[in-house]
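# Per-entry structural report
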Amino acid sequence: STLTSDRDFHLWCVGQSSKKMALDFGFQRTLTPFGHPENAVSLFNTIIQNDQGPFLYVRGKHVQFDMAKALSEKGFDVDQMIVYETLLNQDLWSEIDYFFLRSGNKGVTFYSQKTAHAFIEYMKSRPDFNTDKGCFPLAFSREIGCLIQPFFKEDAIIESTTPRLIATLKRKFFNVRLCNVE
C-alpha cells in the first residue's frame, strides 16, 4: 500500500486473509476466485495476456506454492515483494494442549505447510503427548497430509478446497450424500 496511492485497480488475492488485508488498506477491487494458488495461475493464463506488463507478486517469506515460478513458466513477467514472515508463537501452544485434552474433537485442519511445521515443532516439544482421541487430521494438500500423518492414528483427510473438505467430512461423519461437490 506504500508503493502507490492508487486503490482503483484489480488486486488478485489468493485467499480470504490477503483479501481482508487488502480491504483494510483501502483497496476496493479485490478478487479471490481461486481456492488454491494453482487455480490462480490457470485463470491468469486464460484471461490475461502475458505481454500486458509485469505481475507484482506480494507474498510472505515462506510460501507453499511458488506462484512466481508457475507464472514465469507460462511466460509472464513476475516481480516479487516479500512483505512478512510468519513466526511461531509458542505462547499459544497451551491452547493446542487444551484442544487435545478435551474429548469429542472431530478434526484439526492444516491449511499450510507452515502450519504443519509449527504443529510438528509443538509435537517435538511434547514427546509423550498423544493426539489420538478420535481426531482426524484434515489437510489441504498431499504434502501437508504427509507431514502431519505420523502424529495421528487416523488417516489424514486430504482435499484441495474448503467445500470439498466439508463434503468429505459430511460423508464420513454424517453419512450424507451431497450433489455437485467436486
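Provided above is the structure to which this section pertains.
Residues numbered from 1 in each chain as written. Predicted model: local features only at pLDDT ≥ 70, side-chain atom pairs only at ≥ 80, totals over all residues. Heavy atoms only, no water.

## Here's the deal with the layout of surface pockets
How we decide: With a 1 Å grid spanning the protein atoms alone, the term cavity applies to any set of points in which a 1.4 Å probe fits but cannot get out, the term pocket to an open set with protein on both sides within 12 Å along at least five of seven lines, and the term lining residue to any residue with an atom within 4 Å of a point. Grid points are joined across faces, edges and corners, and a volume is the space filled by probe spheres set on the points. Put simply, DSSP H or I for four residues or longer makes a helix, DSSP E for two residues or longer makes a strand, and each gets a number counted from the N terminus. Residues are grouped as follows: Ala, Val, Leu, Ile, Met, Phe, Trp, Tyr, Cys and Pro are nonpolar; Asp, Glu, Lys and Arg are charged; every other residue, Gly included, is polar.
Estimates place the volume of the second largest pocket at around 200 Å³. In terms of lining, the second largest pocket is formed by 13 residues, of which the most central are Ile96, Lys114, Thr115, Ala118 and Phe119. Those elements that provide at least two residues to the lining of the second largest pocket are α4 (93-101), β5 (107-110) and α5 (113-125). Of all the elements, α5 adds the most residues to the lining of the second largest pocket, at four residues. A breakdown of the residues in the lining of the second largest pocket according to their chemical character gives eight nonpolar, four polar and one charged.

## Some points on the nonpolar core
We count it as follows: For this analysis, a nonpolar core means a set of buried residues of the types Ala, Val, Leu, Ile, Met, Phe, Trp, Tyr and Cys, connected via side-chain atoms within 4.5 Å. Residue burial is assigned from relative accessible area. The probe radius is 1.4 Å, only protein chains are included, and a residue is buried under 20% of its type maximum, exposed over 50%, and partly exposed in between. What makes two residues a contact is simply this: any of their non-hydrogen atoms within 4.5 Å.
Core analysis: the largest hydrophobic core is formed by 13 residues, its most contacted members being Val41, Phe44, Phe55, Met67, Leu71, Phe76 and Val78. Secondary structure elements with two or more residues in this core: α2 (37-47), β3 (55-60) and α3 (67-73). Among all residues touching Val78, those that are not within four sequence positions of it are Phe55, Tyr57, Ala68, Leu71 and Ser72. Judged by nonpolar contacts, the second largest core, of twelve residues, contains Trp93, Phe100, Tyr122 and Ile144.

## With respect to the packing of aromatic side chains
For the record, the criterion: Only Phe, Tyr and Trp rings are paired, with Trp represented by its six-membered ring, and only when their centres lie within 6.5 Å; those with planes under 30 degrees apart are stacked, over 60 edge-to-face, the remainder tilted.
Tallying each qualifying case throughout the model produces four aromatic pairs. Ring centres of Phe119 and Phe152 lie 5.7 Å apart, and the angle between their planes is 15°; on these two criteria the pair is classed as stacked. One end of the pair, Phe119, is in helix α5; the other, Phe152, is in the loop between α6 (142-148) and β7 (157-158), with 33 residues separating them in the sequence. The exposure class assigned to Phe152 is buried, which follows from its relative accessible area of 7%.

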